[in-house]
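A look at the structure
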Amino acid sequence: MDKKWISKNRDGQSSPLLAEIKTCTSKDTMRKFFKTLLTYWGIALACVLIPLLHFVLVPGFFLAGIYMASKAFEFRYQLVEGSFDCPTCQKKVHLKDRWFESDTTAHCDSCGSKAYLVPMEEQTSRS
Ligand SMILES: [Zn+2]
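First things first, this report covers the structure right here in the doc. (Residues numbered from 1 in each chain as written. Predicted model: local features only at pLDDT ≥ 70, side-chain atom pairs only at ≥ 80, totals over all residues.)

Section: the sheet that holds strand S5 (residues 104–107)
As a reminder, the rule being used: DSSP-based pairing: two strands are paired if at least 2 bridges between them are found. The helix and strand labels rest on DSSP assignments: H or I over at least four residues marks a helix, E over at least two residues marks a strand, and numbering proceeds from the N terminus. Under this scheme, a helix contributes an axis fitted over its contacting stretch, all axes are lines through C-alpha atoms, and angles between N-to-C directions fall in the 0 to 180 degree range.
Ordered in space as S4-S3-S2-S1-S6-S5, the six strands form an open sheet in which the pairing is antiparallel. Pairing within the sheet leaves two strands with one partner each, and these edge strands are strand S4 (92–100) and S5. The sheet shows a mean angle of 25 degrees between the axes of neighbouring strands, direction not considered. Relative to strand S3 (residues 77–85), strand S2 (residues 14–23) runs antiparallel, the two being bridged by seven bridges. Counterpart to Lys22 in the pairing with S3 is Gln78.

See the structure below:
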């Protein structure tokens, strides 16, 4: 379960990802589903108070909530909190509460480059 993860850039440079990444259980998925759904529906409820725009915003956030919450069933991993050294400029990049299916990307704030966060074994089998 404890896979090693790395960050790498397009040029193939990589650095270790120091993060707590857990495999999602069905309980985590349901919690994420309801949290997302209630957040969107809460916004929809608050939009009732906006004159005229509420005709668009309330059903919009209601439906968007169902759509966004259903994405919780696609996620397999949750990155709770962590960081990595940008493979391009070596500056530290912090990550928090990120859900993803098999791998994910992150942008470095210092140099703006994109880093791919992938499991270690996947990286070695590709190259
Ligand atoms: Zn960078």
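As for unusual backbone geometry
Inclusion rule: Residue burial here comes from a neighbour count, namely the number of other C-beta atoms, placed from the backbone, that lie within 10 Å of the residue's own C-beta, with 20 or more meaning buried, 12 or fewer meaning exposed, and in between meaning partly exposed.
One non-glycine residue with positive phi stands out, namely Gln90, at about 70 degrees. Tracing the sequence through the fold places Gln90 in the loop between S3 and S4. Residue Gln90 is classed as exposed on the basis of its 12 C-beta neighbours within 10 Å. At Asp97, a residue that is not glycine, the phi angle is positive and equals roughly 40 degrees. Within the secondary structure, Asp97 is located in strand S4. Taking the number of C-beta atoms within 10 Å as the measure of exposure, Asp97 has 9 and is therefore exposed.

Some points on the environment of Gly112
With respect to the helices and strands, Gly112 occurs in the loop between S5 and strand S6 (114–119). We classify Gly112 as exposed; it has 10 C-beta atoms within 10 Å. Put simply, Gly112 and Thr88 are 24 residues apart on the chain and 9.5 Å apart in space, counted from C-alpha to C-alpha.

A closer look at the pairing of S6
By the bridge criterion, four bridges tie strand S1 (residues 5–8) to S6 in an arrangement that is antiparallel. The residue bridging Ser7 from the neighbouring strand is Leu117, located in S6. Here four bridges tie S5 to S6, and the two strands are oriented antiparallel to one another. Directly across from Thr105, in S6, lies its bridge partner Tyr116. Where S5 folds back onto S6 in an antiparallel hairpin, the turn is made up of six residues, including Gly112, whose phi is positive at roughly 75 degrees.

Interpretation in functional terms is not warranted from these geometric data alone.
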